[in-house]
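Per-entry structural report
Residues per chain are reported as follows:
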Amino acid sequence: MADESQKRIDELKRRIRHVNLYTEYYYRIAYGYDATGIKGLCAGVAFPESQEDIVSIVLNAASLGIPLVPRGAGTGFSGGSVPADGSLVVSTEKMRRVLSFDRRIGEVEVESGIVNGELQNYLRPSGFFYPPDPASYKVSTIGGNIAENAGGPRAYKYGVTRRYVRSLKWITSDGEYLESGPGGPAAFLIGSEGTLGIIYSARLALFPIPKTRKTFLLGSSGDGNAIDIASNLLHSGFSPSVLEFIDSKTMRCVAEHMDILSIIEDRGNSSYLFLEVEGTEIETTDQQRHLNDFCERHGFLLTTAEGEEEREILWELRRSISPSLAKKGITKVNEDIALPLGKLAEAVVRIHELARDKNLDCYIFGHCGDGNLHVNIMTDRRKKLEMKRSGEFVRDLFSYVIAAGGTLSGEHGIGITKRPFLNLAFSPEELRLQEGIKNVMDPGAKLNPGKYFDKIVSAGRGWTS
Ligand SMILES: Cc1cc2nc3c(=O)[nH]c(=O)nc-3n(C[C@H](O)[C@H](O)[C@H](O)COP(=O)(O)OP(=O)(O)OC[C@H]3O[C@@H](n4cnc5c(N)ncnc54)[C@H](O)[C@@H]3O)c2cc1C
């Protein structure tokens, strides 16, 4: 650590003795990366336990010129919580209390460090659930979910995080403690990736747990084909709560990983839909009958989870996609695009072509119900030429997606990894407006430097690499 950063962080430690703050090397390493594997070296890690702790950190760090990086569980896929060198990581992991729960109106208030899955476990006996459940829900925090406006498999029916935030309490970069609903400035905090304020707590809307849920895996032939099937299925009156796409290579990879190849049988290049319906027993049985008839008529392979145990296996299959891909290469170039629904099937075919042109190993899956596809290139960062081709692929991918009316991110945010491409998606005027918001909410650029907003304007047409 540079002497100057060391001195400043030591002084900060002296000033806020009541807050746990560690500067040992192992803390700085352990809190230096997220799920992208990108690394940064912070000067220390603080563990506030209350809003007062956050206020003291923010005020004292500001007077010493120490930038702050809010951090939940570090599962982000765009480098959002990777610290800038010499910064202080503010981990929310000691703030995970449920502050209040009002079952009459289906509302809960929680500290931002609570893990999504912990909240679901807390709510279950009451008959409520919190609908946004990213595939990382067993690990990721509510604060991180709000800061990324996380989506997930249920987004097709329930929408994404923003819809459930009734109000936020947060600390501004000037150390002020504020509360507002999404009609006020809190609207800017949702999806702000730790760049506009540190969220202390959130009041969230809940839904009653449906009486019955039934889960299915539908196999078709051809890579974009399952998406066309999804469209026909919806038009035929099928009404799922979960509508996920898995391409043939991804399915083979995850089935091998879980040792359940028998589920997919030998269907060559089949692509898959992962589906769930929910409601009363009568409603779900009716939907199941509808789906069975549809698949029989068209000759599609349908696997139905019989009972809770099989349902859990199918969900495990869906949630194991990311971990299973790790076996295909030590480096994952993980992009997360969103497209208009009518463009999805064609996009799957086109994206595989782009990858083939560059001789890259490509896997596509995602929340096709809300137009969000995850495009993964499995590679190895030590192979310089392959990494160069991956970089070219990503630029071609984003150029294609933007030209097709899509966006750079469906749910993983911009962070570090997508910053170079902001100029593809936004005009200079739009970028300047965004930086205006940053200047108002974080005038000294003290929060999460190097992410999203950083240097948008000074780089003119955006970043180049
Ligand atoms: C296997 C796997 C599956 C995933 N599946 C999904 C999915 O289905 N849907 C989806 O949307 N994402 C998914 N993700 C991505 C990731 O889990 C989400 O972005 C999640 O919301 C990040 O939460 P976190 O607690 O890990 O936050 P972190 O990674 O620690 O931080 C993410 C961002 O939030 C900011 N932040 C964190 N806490 C606060 C706070 N209290 N105040 C202000 N800013 C804060 C950080 O500065 C950073 O910019 C997945 C990731 C993995 C590894």
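Residues numbered from 1 in each chain as written. Predicted model: local features only at pLDDT ≥ 70, side-chain atom pairs only at ≥ 80, totals over all residues. Heavy atoms only, no water.

A short note on the overall build of the protein chain
Convention followed: Helix and strand definitions follow DSSP, with helices as H or I runs of at least four residues and strands as E runs of at least two, each counted in order from the N terminus. For this measure, only C-alpha atoms enter the radius of gyration; the expected value for a globule follows 2.2 Å times N^0.38, where N is the number of residues. Between buried and exposed lies partly exposed: a residue is buried under 20% and exposed over 50% of the maximum accessible area for its type, with that area taken using a 1.4 Å probe on protein chains only.
Along its length, the protein chain carries 17 helices and 18 strands. Taken against the 2.2 N^0.38 rule, which gives 23 Å for 465 residues, the C-alpha radius of gyration of the protein chain at 23 Å falls within 12% of a compact globule. Reported as C-alpha extents along the three principal axes, the dimensions of the protein chain are approximately 70 × 55 × 40 Å. Counting across all 465 residues of the protein chain, residues that qualify as buried make up 56%.

Topic: the domain arrangement of the protein chain
Our working rule: Each domain's extent is set by a domain assignment, obtained either automatically or from a database. Contacts between residues were defined by any pair of non-hydrogen atoms, one from each residue, lying within 4.5 Å. Note on terms: buried area is the combined drop in 1.4 Å-probe accessible area of two parts once they are placed together, counting the loss on both. Any Lys or Arg side-chain nitrogen located within 4 Å of an Asp or Glu carboxyl oxygen qualifies as a salt bridge.
Each domain of the protein chain was delimited in the assignment, giving domain 1 (3-91), domain 2 (98-208), domain 3 (212-323), domain 4 (329-403) and domain 5 (428-465). Here the C-alpha centre of domain 5 lies 25 Å away from the C-alpha centre of domain 2. Every contact between the two is made by eleven residues of domain 2 and, on the other side, eleven residues of domain 5. Both faces considered, domain 2 and domain 5 share a buried interface measuring about 980 Å² in area, 66% of it formed by carbon and sulfur atoms. On the domain 2 side of the interface with domain 5, the three residues burying the most area are S173, T195 and L196, jointly 57% of the side's total. Run the count over domain 2 and domain 5 and you get one salt bridge.

Remarks on the sheet that holds strand 4 (residues 88-91)
Test applied: We treat two strands as partners when DSSP finds at least two bridges between them. To get an axis, a line is fitted to the C-alpha atoms, and for a helix only the part in contact is used. The angle between two axes follows their N-to-C directions and goes from 0 to 180 degrees.
Spatial strand order, 1-2-4-3: four strands in an open sheet with mixed pairing. Both outer strands of the open sheet, strand 1 (20-22) and strand 3 (68-71), are each paired with one neighbouring strand and no more. Each adjacent strand pair in this sheet contributes to an overall mean axis angle of 25 degrees, direction not counted. Bridging between strand 2 (residues 44-47) and strand 4 involves three bridges; their strand directions are parallel. Paired with A46 across the two strands is V90, which belongs to strand 4. Along the sheet, helix 1 (residues 3-15) contacts strand 1, strand 2 and strand 4; its crossing angle with strand 1, the most-contacted strand, is approximately 160 degrees. Contacting strand 2, strand 3 and strand 4, helix 3 (residues 51-64) crosses the sheet at an angle of about 155 degrees to strand 3.

Description of the site of the ligand
Threshold: Here a residue is considered near a molecule or strand provided that any single heavy atom belonging to it is located within 4 Å of it. Throughout this description, a polar contact denotes any pair of N or O atoms lying within 3.5 Å of each other; where both atoms belong to protein, one of them has to be capable of donating a hydrogen while the other can accept it, and for residues adjacent in sequence the pair is counted only when both atoms sit in side chains. What sets the accessible areas is the Shrake-Rupley method with a 1.4 Å probe; for residues, cover comes only from the shown protein chains.
Neighbouring residues of the ligand: 36 residues in total, closest P70, G74, T75, S136 and T141. Between the ligand and G76 there is a distance of 2.8 Å, counted from an oxygen atom to a backbone nitrogen or oxygen. A distance of 3.5 Å separates an oxygen atom of the ligand from a polar atom in the side chain of S81. Relative to its unbound accessible surface of 980 Å², the ligand loses 95% to contact with the protein.

Here we look at the pattern of salt bridges
Applying the stated rule across the entire model yields 30 salt bridges. Between D133 and R319 there is a salt bridge, with its nearest N and O atoms 3.8 Å apart. Remark: R319 occurs in helix 12 (residues 307-319) and D133 occurs in the loop between strand 7 (128-129) and helix 5 (142-148); sequence separation between them is 186 residues. The same class applies to D133 as to R319, namely buried. In this structure, R213 engages E278 in a salt bridge whose closest nitrogen and oxygen atoms are separated by 3.2 Å. Within this pair, whereas R213 is found in strand 12 (residues 212-219), its partner E278 is found in strand 14 (residues 272-279), the two being separated by 65 residues in sequence. The residues R213 and E278 share a single accessibility class, namely buried. It is possible to trace a salt-bridge network through shared partners that takes in D133, R154, K157, R213, E276, E278, E308, R311 and R319.

Some details on the packing of aromatic side chains
Convention followed: Pairing of aromatic side chains here covers Phe, Tyr and the six-membered ring of Trp, requires ring centres within 6.5 Å, and sorts the geometry by plane angle: under 30 degrees stacked, over 60 edge-to-face, intermediate tilted. Only when the NZ atom of a Lys or the CZ atom of an Arg is both within 6 Å of the ring centre and within 35 degrees of the ring normal do we say a charge sits over the ring.
On inspection of all chains with the given rule, the structure shows 16 aromatic pairs. Residues Y27 and F47 carry aromatic rings whose centres are separated by 6.1 Å and whose planes lie at 65 degrees to one another, so their mutual orientation is edge-to-face. Pair noted here: Y27 is in helix 2 (residues 25-30) and F47 is in strand 2, with a separation of 20 residues, a long-range link. A relative accessible area of 4% means that F47 is categorised as buried. We note K94 situated over the ring of F47; from NZ or CZ to the ring centre the distance is 5.7 Å. The lysine or arginine in question, K249, covers the ring of Y363, its NZ or CZ lying 4.5 Å from the ring centre.

Here's the deal with the sheet that holds strand 13 (residues 242-246)
Here seven strands make up an open sheet; going across it, the order is 15-12-14-13-17-18-16 and the pairing antiparallel. Of all the strands in the sheet, just strand 15 (301-304) and strand 16 (331-338) have a single pairing partner and so form its edges. Across the sheet, the axes of successive neighbouring strands diverge by a mean angle of 15 degrees, strand direction being ignored. Across eight bridges, the pairing between strand 16 and strand 18 (residues 372-379) is antiparallel. Each residue of the ladder has a partner; that of E335, found in strand 18, is V375.

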